[in-house]
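# Observations on chain architecture
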Amino acid sequence: MTVKQAMLRDLGSRDFEFINLVKEIRNQLLELGNVSQAKGYECVIMQGSGTFGMESMISSALAKDGHLLVLVNGAYGERISKMAKVQGIRYDALTYDEDQAPSVQELDEFLAKNPSVTHVVVVHCETTTGIFNPIKEYGTVIKKHGKRYMVDAMSSFGAVPVDLAECHIDFLVSSSNKCIEGVPGFSFTLVSQGGLKECEGRARSLSLDLYAQWKGLENNGQFRFTPPTHSLLAYHQAIKELYEEGGVEGRSARYQHNYQTLVGGMRKMGFTEYLPAEKQGYIITTFNHPEHKNFDFNAFYEKLNERGFAIYPGKLTKADCFRIGNIGRISTEDVKALLAAIAEVKAEMDF
Ligand SMILES: Cc1ncc(COP(=O)(O)O)c(C=O)c1O
């Protein structure tokens, strides 16, 4: 509510107040990643959703003779491979089942055998299942081989603590409408100054040029093209509320508590999770469809919707599942209300 209210005013995109607000947000985002300009990192905000941010990074960072290695265990990893293909970038993918994290050892072996690789990219929380991939362990291996390391932290940044320097991350992308709880409108890249500098002159797109965007923001504080002023106003408020909640640690605690409440209640009703608990992250949880002739996902979805709850269909290639997300201003009371609604629908559908 307060985040949406912050949008009820207009600021000119060249207004001093707006320029200062953007500057503050960029510094705060670096701080949330435990880095700063003084520590050698930059924050570049890019118009467009998370996919635009990922494409900006991929299309700006790899040189003409660059070689990208994509670690894949879900739809968002697959999407990165697709971006490389569309951009005509040389790439390889190490692909795993959706319930497996890409292997640190196989990454190490691949990099040892393929010295031409220049960049490695992985999704932190693969939202397809909600699995958390071990980004710190990959970082150690990637650093050892001297490659640039890119992370899609779309559905983790702001609610899962991350220290970019400690994980040796050169590029980390997230977007405005995920764990920081803003509204849609932009994505951002936290990038090492070394990684950013290499991007100069490499872009395959004018509007998604990460280096040019950074240069514009640094030179006069302005965006090169119309910025999402209202989303940024909302974001400023959302970050304030994140700090009030105790920063990333505080938000992480709420999401974890909601996740525990959710799975505890679902298990009591006989639902099972797709991933083993040690692999399942606390951002979004995948549940197997109950094996019962009366269960029909569309009817289940509709009945929950009528009661004011929106869940996600599955996105898996091999298993019939649905997902329940924790991102957003969701309290434990809200999770309990959802569980009560699921119990009601389950009784009504008789499965
Ligand atoms: C891990 C991950 N990467 C990328 C995206 C794409 O973001 P968008 O839909 O904002 O383009 C999403 C969206 O949910 C995501 O969860």
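### Here we look at the packing of helix 9 (residues 229-244) against helix 10 (residues 247-268)
At a closest axis distance of 7 Å, the pairing of helix 9 and helix 10 adopts a crossing angle of 80°. By the angle class used here, helix 9 and helix 10 are roughly perpendicular. For the pair helix 9 and helix 10, the contacting residues are E241, L242 and Y243 in the first and G247, V248 and R251 in the second. Split by residue class, the contact of helix 9 with helix 10 holds three nonpolar, one polar and two charged.

### A look at the site of the ligand
Near the ligand, the surroundings consist of S49, G50, T51, Y76, R79, V123, C125, T127, D152, M154 and K178. Contact distances for the ligand include 2.9 Å between an oxygen atom and a backbone N or O atom of G50. Measuring from an oxygen atom of the ligand, one finds a side-chain N or O atom of T51 at 2.5 Å. Contact with the protein chains removes 84% of the 390 Å² of surface that the ligand exposes when unbound. Applying the majority rule of atoms within 2 Å of the grid points places the ligand in the largest pocket. If you list the elements that add at least two residues to the shell around the ligand, you get helix 3 (50-61) and helix 4 (75-87). Within the shell around the ligand, the residues separate by chemical class into four nonpolar, four polar and three charged.

### Here we look at the nonpolar core
L29, L68 and F157 are the most contacted members of the largest nonpolar core, which has 76 residues in total. Aside from chain neighbours lying at most four places away, what touches F157 is L29, L32, G33, V162, L172, S174, C179, I180, F188 and L190. Among the nonpolar cores identified, the runner-up in size contains 29 residues, and C179, L262, V263 and I311 belong to it.

### Let's talk about helix 9
Taking 1.5 Å per residue, 16 residues should reach 22 Å; helix 9 reaches 23 Å between its end C-alpha atoms and fits that length. Among all positions of helix 9, only T229, S231, L232, L233, A234, Y235, Q237, A238, I239, E241 and L242 are buried. On its buried face, helix 9 is in contact with helix 1 (2-5), helix 2 (16-32), strand 1 (41-47), strand 8 (171-175), strand 9 (186-192) and helix 10. Following helix 9 by one or two positions, G246 adopts a phi angle in the positive range, close to 105°.

### As for the domain arrangement of the chain
Where the parts come together, the accessible area they lose is often given as the size of the interface. Here the chain is described as being made up of domain 1 (2-244) and domain 2 (247-349). A separation of 28 Å is found between the C-alpha centroids of domain 1 and domain 2. Contacts between the two partners involve 27 residues from domain 1 and, on the opposite side, 25 residues from domain 2. In total, about 2200 Å² of surface goes out of reach between domain 1 and domain 2, with carbon and sulfur atoms giving 56% of it. Ranking the residues of domain 1 by area buried against domain 2 places E98, T129 and E181 at the top, with a combined share of 25%. Connecting domain 1 to domain 2 are four salt bridges. Of the charged contacts, one joins E181 and R329 as a salt bridge, the two residues approaching to 2.9 Å between their closest N and O atoms. At the boundary of domain 1 with domain 2, the tally comes to 13 residue pairs in polar contact (both at pLDDT 80 or more). Among the residues making up the side of domain 1 that touches domain 2, the classes are represented as 13 nonpolar, seven polar and seven charged.

### A closer look at the sheet that holds strand 11 (residues 312-313)
Strands in a sheet are paired, the pairing made by backbone hydrogen bonds, and the direction either parallel or antiparallel. Taken together, the three strands give an open sheet; going across it, the order is 10-12-11, and neighbouring strands pair in antiparallel fashion. A single partner strand is all that each edge strand has here, and the edge strands are strand 10 (284-288) and strand 11.

### Thoughts on unusual backbone geometry
In this structure, N34 is a non-glycine residue whose phi angle is positive, near 65°. By the element assignment, N34 lies in the loop between helix 2 and strand 1. Judged by relative accessible area, N34 falls into the partly exposed class, the value being 40%.

### Considering the sheet that holds strand 8
Read across the sheet, seven strands follow the order 1-9-8-7-4-2-3 without closing on themselves; strand pairing throughout is mixed. Looking at strand neighbours, the two that pair on one side only are strand 1 and strand 3 (90-95), the edges of this open sheet. Strand-to-strand twist of the sheet, defined as the mean angle between neighbouring strand axes without regard to direction, takes the value 20°. Pairing of strand 8 with strand 9, which is carried by five bridges, proceeds in the antiparallel orientation. Residue pairing for strand 9: S175 is matched across the bridge by S187. Taken strand by strand, helix 3 contacts strand 1, strand 2 (67-72), strand 4 (119-123), strand 7 (148-152), strand 8 and strand 9, and its axis lies near 160° from that of strand 8. The strands touched by helix 8 (residues 210-220) are strand 1, strand 8 and strand 9; relative to strand 1, the strand with the most contacts, the crossing angle is about 105°.

The rules behind each value
- Residues numbered from 1 in each chain as written.
- Predicted model: local features only at pLDDT ≥ 70, side-chain atom pairs only at ≥ 80, totals over all residues.
- Heavy atoms only, no water.
- Axes fitted to C-alpha atoms, helices over the stretch in contact; angles between N-to-C directions.
- Helix = DSSP H or I, 4+ residues; strand = E, 2+ residues; numbered from the N terminus.
- Parallel < 35°, antiparallel > 145°, perpendicular 65-115°, else oblique.
- Contact = heavy atoms within 4.5 Å.
- Nonpolar A, V, L, I, M, F, W, Y, C, P; charged D, E, K, R; others polar.
- Near = heavy atom within 4 Å.
- Polar contact = N/O pair within 3.5 Å; in protein donor to acceptor, adjacent residues only side chain to side chain.
- Areas by Shrake-Rupley, 256 points an atom, 1.4 Å probe, with all protein chains shown as cover.
- 1 Å grid on protein atoms, 1.4 Å probe; cavity = no way out; pocket = protein on both sides within 12 Å on 5 of 7 lines; lining within 4 Å.
- Sits in = over half its atoms within 2 Å of the grid points.
- Core = buried A, V, L, I, M, F, W, Y, C linked by side-chain atoms within 4.5 Å.
- Buried < 20%, exposed > 50% of the residue type's maximum accessible area, 1.4 Å probe, protein only.
- Expected span 1.5 Å × (residues − 1).
- Domains from an automatic or database assignment.
- Buried area = accessible area lost by both parts, 1.4 Å probe.
- Salt bridge = Lys/Arg side-chain N within 4 Å of Asp/Glu carboxyl O.
- Pairing = 2+ DSSP bridges.

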